[in-house]
Amino acid sequence: MPDTITELPDKHPVLRVMPMPSEVNPQGDVFGGWIMAQVDVAGAIPAMRRARGRVTTVAVNSFLFKQPVSVGDVVSFFAEVVATGRTSIKVRVEVYAERHPAQPITVKVTEAELTYVAINQHGEKRELPTPQ
Ligand SMILES: CC(C)(COP(=O)(O)OP(=O)(O)OC[C@H]1O[C@@H](n2cnc3c(N)ncnc32)[C@H](O)[C@@H]1OP(=O)(O)O)[C@@H](O)C(=O)NCCC(=O)NCCS
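All values derive from a computational prediction rather than experimental measurement.

Explanation requested: the overall build of the protein in the structure shown.
In terms of regular secondary structure, the protein is built from one helix and six strands. In terms of principal-axis extent, the alpha carbons of the protein reach across some 50 × 30 × 20 Å. Out of the 132 residues in the protein, the part that is buried amounts to 38%. Restricting to contacts in the protein with at least 6 residues of sequence separation, those with at least 24 account for 70%. Here the protein displays about 7,600 Å² of accessible surface, and carbon together with sulfur accounts for 54% of that area.

In structure tokens:
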């Protein structure tokens, strides 16, 4: 599948990371589980900020791998809260890869939506605080 070239969103990524050779699958692309783990971490960052404390992942509502990621790509994760409930926070995560440093291109590689729940020190759900 050809890369659909785009640009990075005009906002700060919550996470930027370069995958290493230990993260590849037998096809030579980065293992999907590695990306899923990074997406979970990235989504937790705005969720923790909104919850002003600990959260846990209750659901991965959707996850789409649009393009493969390769070793050496600079992978940027953008995450924002899209909805909140009594205890839950829904976060949308978009992932972009910057490839080929000699002739750089940017492609969107993943889109996901996850739900986190605010928890207390015992791991029990708690009500979200009033937004600041
Ligand atoms: C998350 C947890 C604390 C929720 O406790 P619970 O008593 O089951 O909570 P509830 O069923 O009342 O759901 C809590 C919130 O999550 C939401 N939720 C539950 N299941 C959901 C799902 N499948 N999709 C989206 N949201 C969901 C509920 O709508 C509720 O939101 P609200 O309070 O904003 O209305 C508990 O299920 C838990 O500890 N799960 C394990 C989490 C974990 O270990 N995650 C890491 C996985 S490795």
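This is not the end of the story, as more comes after the structure.
Teacher, can you tell me more about the UniProt feature "domain: HotDog ACOT-type" (unreviewed entry) in the protein here?
Taking the numbering used here, the UniProt-annotated feature "domain: HotDog ACOT-type" (unreviewed entry) corresponds to residues 9–122. Summarising residues 9–122: 18% helix, 45% strand, and an end-to-end C-alpha distance of 38 Å.

What is the right way to read the nonpolar core from this model?
By size, the foremost hydrophobic cluster in this structure holds 26 residues, and its most contacted members are V39 and V93. Contributions of two or more residues to this core are made by α1 (32–51), β4 (74–84), β5 (88–99) and β6 (105–118). Not counting residues up to four positions away in its chain, the partners in contact with V39 are F63, F77, V93, V95, T110, A112, L114 and Y116.

Before we go on, may I ask you to explain α1 in this structure?
Each α-helix winds once per 3.6 residues, and so residues spaced three or four apart point in a common direction. Over its 20 residues, α1 runs 28 Å from end to end, which matches the ideal 28 Å to within 8%, given 1.5 Å per residue. Where α1 is concerned, the buried positions are W34, I35, Q38, V39, A42, G43, A44, P46, A47, R50 and A51. Buried residues along α1 sit against β2 (15–17), β3 (55–65), β4, β5 and β6.

I keep staring at the site of the ligand and nothing clicks. Help me out?
Around the ligand, the neighbouring residues are T56, T57, V58, A59, N61, G85, R86, T87, S88, T115, V117 and K125. Take T57: an N or O atom from its main chain is 2.9 Å from a nitrogen atom of the ligand. At 2.5 Å, a side-chain N or O of K125 approaches an oxygen atom of the ligand. Going through the elements one at a time, β3 and β6 are the ones with two or more residues in the shell around the ligand. With five residues, β3 is the single largest residue contributor to the shell around the ligand. Its residues assigned to classes, the shell around the ligand shows three nonpolar, seven polar and two charged.

Even after reading the chapter, I still don't get the pairing of β5, so can you show me in this structure?
A regular strand carries its side chains on alternate faces of the sheet. Where β4 lies against β5, ten bridges are found, and the strand directions are antiparallel. If you follow A79 over to β5, its bridge partner there is V93. Turn length for the β4-β5 hairpin, with the two strands adjacent in sequence and antiparallel, is three residues. Relative to β6, β5 is paired through twelve bridges, and the arrangement is antiparallel. Bridged to V95 within β6 is T110. Hairpin remark: β5 followed by β6, antiparallel, with five residues in the connecting loop; positive phi at H100, about 50°.

Would you mind going over unusual backbone geometry with me for this structure?
Trans peptide bonds make up most of the peptide bonds, and negative phi angles are found at most residues other than glycine. Phi is positive for R52, close to 50°, though the residue is something other than glycine. Tracing the sequence through the fold places R52 in the loop between α1 and β3. Judged by its relative accessible area of 43%, R52 is partly exposed. A positive phi angle, near 50°, is found at H100, a position not held by glycine.

The rules behind these values
- Residues numbered from 1 in each chain as written.
- Predicted model: local features only at pLDDT ≥ 70, side-chain atom pairs only at ≥ 80, totals over all residues.
- Heavy atoms only, no water.
- Helix = DSSP H or I, 4+ residues; strand = E, 2+ residues; numbered from the N terminus.
- Buried < 20%, exposed > 50% of the residue type's maximum accessible area, 1.4 Å probe, protein only.
- Contact = heavy atoms within 4.5 Å.
- Areas by Shrake-Rupley, 256 points an atom, 1.4 Å probe, with all protein chains shown as cover.
- UniProt positions renumbered as here; feature names shortened; annotations may be inferred.
- Core = buried A, V, L, I, M, F, W, Y, C linked by side-chain atoms within 4.5 Å.
- Expected span 1.5 Å × (residues − 1).
- Near = heavy atom within 4 Å.
- Polar contact = N/O pair within 3.5 Å; in protein donor to acceptor, adjacent residues only side chain to side chain.
- Nonpolar A, V, L, I, M, F, W, Y, C, P; charged D, E, K, R; others polar.
- Pairing = 2+ DSSP bridges.

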